[in-house]
Amino acid sequence: MRVAREFLSAPATVRAMTQPAGRYAPSPSGDLHIGNLRTALAAWLDARASGRRFLVRIEDVDEQRSSREVAARQLEHLAALGIDWDGEPVYQQDRYGLYEQALTQLDTFPCYCTRRDIREAARAPHTPPSFYPGTCIGRTDIPEMGDRAPAIRFHGGGEMTLVDDRHGTVTGPVDHCVLRRGGREPGWAYNLACVVDDIEQGVDRVVRGDDLLASAPTQVAIITALGATPPTYLHVPLVVGEDGERLAKRNGATTLPELTRHWSIREIVAMLGRSLGIEGANTAREMVARYSPQAIPAEPWEFSAPQ
Ligand code: GLU
Ligand code: ZN
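For the structure given in this document, a descriptive report is provided here.

Cut-offs and rules
Positions within a chain are numbered from 1, following the residues in the order the chain's sequence is written. Think of it this way: whatever chain is written first is A, whatever ligand is written first is 1, and the rest follow in order. Only residues with pLDDT of at least 70 are given local features in this predicted model, and only at 80 or more are side-chain atom pairs given and counted; all residues enter the totals for whole chains, interfaces and linings. Water and hydrogen atoms were dropped before computing side-chain values, which therefore reflect all heavy atoms in the structure. Buried, partly exposed and exposed residues are distinguished by accessible area as a fraction of the type maximum, computed with a 1.4 Å probe on protein chains only: under 20%, between the cut-offs, and over 50%, respectively. Secondary structure elements follow DSSP: runs of H or I of four or more residues count as helices, runs of E of two or more count as strands, with numbering from the N terminus. Only when DSSP finds a minimum of two bridges between them are two strands counted as paired. Whether two residues are in contact is decided by their heavy atoms, any of which lying within 4.5 Å being enough. Here an angle of 0 to 180 degrees is reported between the N-to-C directions of two axes, which are lines fitted to C-alpha atoms, with helices fitted over the stretch in contact. In these notes, residues near a molecule or strand are those with any non-hydrogen atom within 4 Å of it. Polar contact criterion, stated in full: a pair of N or O atoms within 3.5 Å, where within protein one must be able to donate a hydrogen and the other to accept it, and residues adjacent in sequence count only if both atoms are side-chain atoms. For accessible areas, the Shrake-Rupley method is used with a probe of radius 1.4 Å. Any residue's cover is judged against the shown protein chains and nothing else. By nonpolar core is meant a set of buried Ala, Val, Leu, Ile, Met, Phe, Trp, Tyr and Cys residues that side-chain atoms within 4.5 Å join together.

1. Brief notes about helix α7 (residues 216–225)
Then comes step 1: With 9 of 10 residues buried, α7 lies mostly within the body of the structure.
Then comes step 2: Taken together, the buried positions of α7 are occupied by A216, P217, T218, Q219, V220, A221, I222, I223 and A225.
Then comes step 3: Remark: G227 follows α7 within two positions and exhibits a positive phi of approximately 80°.

2. Describing the sheet that holds strand β3 (residues 90–91)
Then comes step 1: Strand order in the open sheet formed by 3 strands is β1-β2-β3, with parallel pairing between adjacent strands. Single-partner strands in this sheet number two, and they are β1 (21–24) and β3.
Then comes step 2: Both strand β2 (residues 53–58) and β3 contribute to a ladder of 2 bridges, which runs parallel. Bridge pairing in β3 links I58 to Y91.
Then comes step 3: Sitting on the sheet, helix α2 (residues 34–49) touches β1 and β2, and the angle it makes with β2 is about 150°.
Then comes step 4: Helix-sheet contacts for helix α3 (residues 68–80) involve β1, β2 and β3, and the interaxial angle to β2 is about 155°.

3. Details of the site of ligand 1
Then comes step 1: Taken together, R23, A25, S27, E59, Y190, C194, R208 and L212 are the residues near ligand 1.
Then comes step 2: The side chain of R23 places a nitrogen or oxygen atom 2.6 Å from an oxygen atom of ligand 1.
Then comes step 3: A distance of 2.6 Å separates a nitrogen atom of ligand 1 from a polar side-chain atom of E59.
Then comes step 4: Compared with its free state, where it exposes 300 Å², ligand 1 has 78% of that area covered by protein.

4. Digging into the nonpolar core
Where a protein is soluble and globular, its nonpolar side chains tend to be buried together.
Then comes step 1: Counting 42 residues, the largest nonpolar core has I34, L41, L45 and F303 as the members making the most contacts within it.
Then comes step 2: For this core, the secondary-structure elements that each account for two or more residues are α2, β2, α3, β11 (232–236), α8 (256–259), α9 (265–275) and α10 (284–287).
Then comes step 3: The dominant element in this core, judged by the number of residues it contributes, is α2, at 9 residues.
Then comes step 4: The residues contacting L45, other than those within four sequence positions of it, are L276, I278, A284, M287, V288 and Y291.

5. Here we look at the sheet that holds strand β4 (residues 108–111)
Then comes step 1: Strand order in the open sheet formed by 4 strands is β4-β5-β8-β9, and the pairing between neighbours is antiparallel. With partners counted over all chains shown, the strands left at the sheet margins are β4 and β9 (187–188), one partner each.
Then comes step 2: As paired elements, strand β5 (residues 151–154) and strand β8 (residues 178–181) share 2 bridges and run antiparallel to each other. Its bridge partner lying in β8, R153 is registered against V178.

Okay, here's the thing in structure tokens:
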């Protein structure tokens, strides 16, 4: 295994000196909806109740879909709920050098597949449908790419185990995930940027939505390959609309500006707290002493949005 010696030497020193941290890491592609706000509150409560620092990181590697204006609104909405953070929020667009350095420390291969190639490729029996089928591993017939760059993928495979406060010990397959996106406008990919930042920022606890549980074994594999210690996880159930589907625009009012047309901030915060198993608290601050990961209901929270 290749270990990220240069990459890890400085952060390791920093890590040893700093308190452990939790974080919330939104992608600034639109206003946070009530599901995002609830996850943010859970992450904040978890950090504050355990004496960790709480960091906010703006995951804006997808330059086309991200905007600083949206990020600023996200921060404003978090603050309105009483969520505070330590230090300045970091923006992934300011950290490309770190990802570049980490990439050189990982076992990778270039991938020339189109979306269609991936969709149509034969898969080994236990490969999940969303996983890369492995086509380009050891490939020698390099197709003509024109002005497109190949994607760079992690040499995954096998399984990895992680510890999650709600799901227990979870073992799952490791994807050959994209670390650097190819195409005409190449860029950094979520799975690399996210774990490099968690390592560099001293994050030892990740609280986020259940939709990312399937990515966690792959992320743990990348963290381990970089010679770092994986965080412990708490994947919280998603918020669903009355149709039982993940919240979307069609569900009606779900962002903070929309919700405050129907409820006060205090009512919204209290409602989010109750959805996390905390009764009788009206502010985020009051909830810290009453927070317990075990009290978070196991089922998705069904939210009836006002129309
Ligand atoms: N940026 C990701 C999202 O908004 C979250 C990443 C994470 O928490 O690991 O879905
Ligand atoms: Zn490929």
